[in-house]
Amino acid sequence: MTGRLTPDTDGGQSSDRNVDADADRSGVAATYGVLAACWREPTEQLAEAATAGDLRSVVGDIGSVEFGDLRAEYTRLFIGPAGPPCPPYESVYRDGDAPGEFGPVNGPATMAVRRWYVEFGVRPAEGHSDLPDHIATELEFAAYLAEQGLDERLDQFLDEHLRVWADEFLTGVEDETRDAFYASLAATTREVIRA
């Protein structure tokens, strides 16, 4: 996502409290940003970062991560050859006709998320192919709200979206995955969203 808003300034005033608040805000935003990157289709750089321990705060100490294995598991869980077991889209979990039944991709929940993005003047980056309600895109938007210091709006977005559907998705990932990376990522994502 590319932000279209300019951050508010404090008129040139600075204090230790503002510095601490800025650091906290940046830390929260960074956490959401790292989670978003981890839920995207894996890259060699992601596998290298996980192996090097650079993602320890997100996935723990899981040892060596092979790019090919990570990509294969991502495909199996989220893309699948015949319907993935864990579709990473909010609308699938919220727009079904019956409890426990997957709904359509790009349903009403997708439109509701898109309205949030429009309200804040953000749009998908050039070449971004995921739908607006993909778990990574929603986490990226949460990072944007945190970075802007919009804590109340962040809580509202989490309450209206991620906290409504992500637990079911994350539980599915934990139940279905054969990879420590995604099991740990799901647990950490749940903790961060609930905080």
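Residues numbered from 1 in each chain as written. Predicted model: local features only at pLDDT ≥ 70, side-chain atom pairs only at ≥ 80, totals over all residues. Heavy atoms only, no water.

Draft legend 1. Representation of the overall build of the protein within the structure. Within the protein one finds nine helices and zero strands. Scanning the protein from its N terminus toward the C terminus, one meets helices and strands in the order α-α-α-α-α-α-α-α-α. Expressed as a percentage of its 195 residues, the buried residues of the protein come to 41%. If you take every contact in the protein between residues at least 6 apart in sequence, the share linking residues at least 24 apart comes to 65%. (Helix = DSSP H or I, 4+ residues; strand = E, 2+ residues; numbered from the N terminus. Buried < 20%, exposed > 50% of the residue type's maximum accessible area, 1.4 Å probe, protein only. Contact = heavy atoms within 4.5 Å.)

Draft legend 2. Structural detail: the pattern of salt bridges. The final tally for this structure, using the stated rule, is 10 salt bridges. Across the pair E140 and R40 runs a salt bridge whose closest N-O atoms are separated by 3.7 Å. Residue E140 is found in helix α7 (residues 135-147), and its partner R40 is found in the loop between α1 (16-39) and α2 (44-52); the two are separated by 100 residues along the sequence. Residue E140 is classed as partly exposed on the basis of its relative accessible area of 24%. Note that E73 and R76 form a salt bridge whose closest N and O atoms lie 2.9 Å from each other. Placement of the pair is E73 and R76 together in helix α4 (residues 67-79), with a separation of three residues, close to one helical turn. The residues E73 and R76 share a single accessibility class, namely buried. One network of salt bridges, with partners in common, ties together D167, E174, R190 and R194. (Salt bridge = Lys/Arg side-chain N within 4 Å of Asp/Glu carboxyl O.)

Draft legend 3. Molecular detail of the confidence of the model for the protein. Residues with a pLDDT of 70 or more make up 88% of the protein, whose mean pLDDT is 87. The spread of mean pLDDT over the elements of the protein runs between α1, the lowest at 79, and helix α8 (residues 151-176), the highest at 97. Low pLDDT (under 50) marks residues 1-17, which in the prediction has 26 contacts with non-local residues, meaning those over four places away or in another chain. (pLDDT = per-residue confidence, 0-100.)

Draft legend 4. Spotlight on α8. The sharpest bend along α8 reaches about 45 degrees and sits at L158. Regarding α8, the residues found buried are L154, F157, L158, H161, L162, W165, A166, F169, L170, G172 and V173. (Bend = angle between axes of the 7 residues up to and from the residue.)

Draft legend 5. Seen up close, the environment of P87. For P87, the position within the fold is in the loop between α4 and α5 (90-94). You can call P87 buried: its relative accessible area is 8%. A C-alpha to C-alpha distance of 9.4 Å links P87 and I135, two positions 48 residues apart in sequence. For P87, the contacting residues outside a window of four places in its chain are L77, V92, Y93, F102 and F169.

Draft legend 6. Highlighting the packing of α8 against helix α9 (residues 180-194). Relative orientation of the contacting elements α8 and α9 amounts to 155 degrees, with a least axis distance of 10 Å. Considering their axes alone, α8 and α9 lie roughly antiparallel with respect to each other. In this structure, α8 meets α9 at a crossing whose hand is left-handed. Where α8 abuts α9, its residues L158, L162, R163, A166, D167, L170, T171, V173 and E174 lie against Y182, A183, A186, A187, T189, R190, I193 and R194. Residue composition of the contact of α8 with α9, by class: 10 nonpolar, two polar and five charged. (Axes fitted to C-alpha atoms, helices over the stretch in contact; angles between N-to-C directions. Parallel < 35°, antiparallel > 145°, perpendicular 65-115°, else oblique. Left-handed = near helix turned anticlockwise from the far one by under 90°. Nonpolar A, V, L, I, M, F, W, Y, C, P; charged D, E, K, R; others polar.)

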